[in-house]
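Secondary and tertiary structure notes
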Amino acid sequence: MAAHVRTSACVGLALVAAVTAGCSGSGSSASKSPPAPRSPSSSSAPGTPNNPAPTESNPPGDIPDNQVYVPFHGTGFTVKVPEGWAQTQQGGTTAFTDKLNTVRIQTASAPTAPTVGEVTNTVVPQLRAQVPKFAAPKVSEVTRHAGRVVLLTYQGDSAKDPVTGKVVRDAFERYAFHRSGHEVDLTLSGPVNADNVDPWRTISDSFAWR
């Protein structure tokens, strides 16, 4: 009888162990959850295009609205130029430059006042040979505070930046003032997408003979 009890006990323990092992194995399998799906990034989400670089609110070359102007005194004339811009002198040409913008003042002797036809037939071919990718010349007569003036507008590439190697597409306004055999060519230039209408008008309107 004792032997029968021991045998039953052994069988019972074996069954308990088998059931426990089976439960343990099934529990381990059930506890493994499938991997959570990866959240798609903005670049891989379907139907979502890659975002381009943000558009600048002020295009490169805009002259600030609070720019201060100071008088530049040339031979027989004055004109306002932006304060703080770097000044260079070469022969009869004086230039004021800041970043991408330039004010260039060139003086010369001229017995007669320039005309639309003269600028078209003489000045435009000269600039076409000097300015890289010269384009879109337009010659007209306009009035500034100093009186009648011949205006030449055109486009061209800037010189390559010595540091970055970049070339900027520039827009030019060239005003030819004349009085008593004395001509002053005032050229204003900056990037074609810059909004410098008011600054250029301020400078060209400030020209005065003295």
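For the structure, see preceding data.
Structure report, in brief. Please read these numbers as outputs of a predicted model, since none were measured by experiment.

We now examine the side chain of Ser206. Along the polypeptide, Ser206 turns up in helix α3 (residues 197-206). Looking at Ser206, the relative accessible area reads 17%, which means it is buried. For Ser206, the side chain forms a polar contact with the main-chain nitrogen of Lys80, separated by 2.8 Å. Only 2.7 Å separates the side chain of Ser206 from the backbone oxygen of Ile203, close enough to count as a polar contact. If we ignore the near neighbours within four places in the chain, the residues touching Ser206 are Thr78, Val79 and Lys80.

The next point concerns the nonpolar core. Phe77, Val79, Val103, Ile105, Tyr175 and Leu186 are the most contacted members of the largest nonpolar core, which has 21 residues in total. Secondary structure elements with two or more residues in this core: β2 (77-82), β5 (101-109), β7 (147-157), β8 (169-179), β9 (182-191) and α3. Among the nonpolar cores identified, the runner-up in size contains twelve residues, and Phe134, Val139, Val150 and Phe172 belong to it.

Here we take up the layout of surface pockets. Its volume calculated, the largest pocket comes out at about 560 Å³. Taken together, 23 residues line the largest pocket, and the ones lying closest to its centre are Thr102, Arg104, Ser158, Ala159 and Asp170. Listed by contribution, the elements that provide at least two residues to the lining of the largest pocket are β5, α2 (116-130), β7 and β8. A breakdown of the residues in the lining of the largest pocket according to their chemical character gives nine nonpolar, seven polar and seven charged. In this structure, the second largest pocket spans a volume of roughly 480 Å³.

So, how was this worked out
- Residues numbered from 1 in each chain as written.
- Predicted model: local features only at pLDDT ≥ 70, side-chain atom pairs only at ≥ 80, totals over all residues.
- Heavy atoms only, no water.
- Helix = DSSP H or I, 4+ residues; strand = E, 2+ residues; numbered from the N terminus.
- Buried < 20%, exposed > 50% of the residue type's maximum accessible area, 1.4 Å probe, protein only.
- Polar contact = N/O pair within 3.5 Å; in protein donor to acceptor, adjacent residues only side chain to side chain.
- Contact = heavy atoms within 4.5 Å.
- Core = buried A, V, L, I, M, F, W, Y, C linked by side-chain atoms within 4.5 Å.
- 1 Å grid on protein atoms, 1.4 Å probe; cavity = no way out; pocket = protein on both sides within 12 Å on 5 of 7 lines; lining within 4 Å.
- Points joined across faces, edges and corners; volume = space filled by probe spheres on them.
- Nonpolar A, V, L, I, M, F, W, Y, C, P; charged D, E, K, R; others polar.

As far as function goes, none of this settles anything; it's purely spatial.
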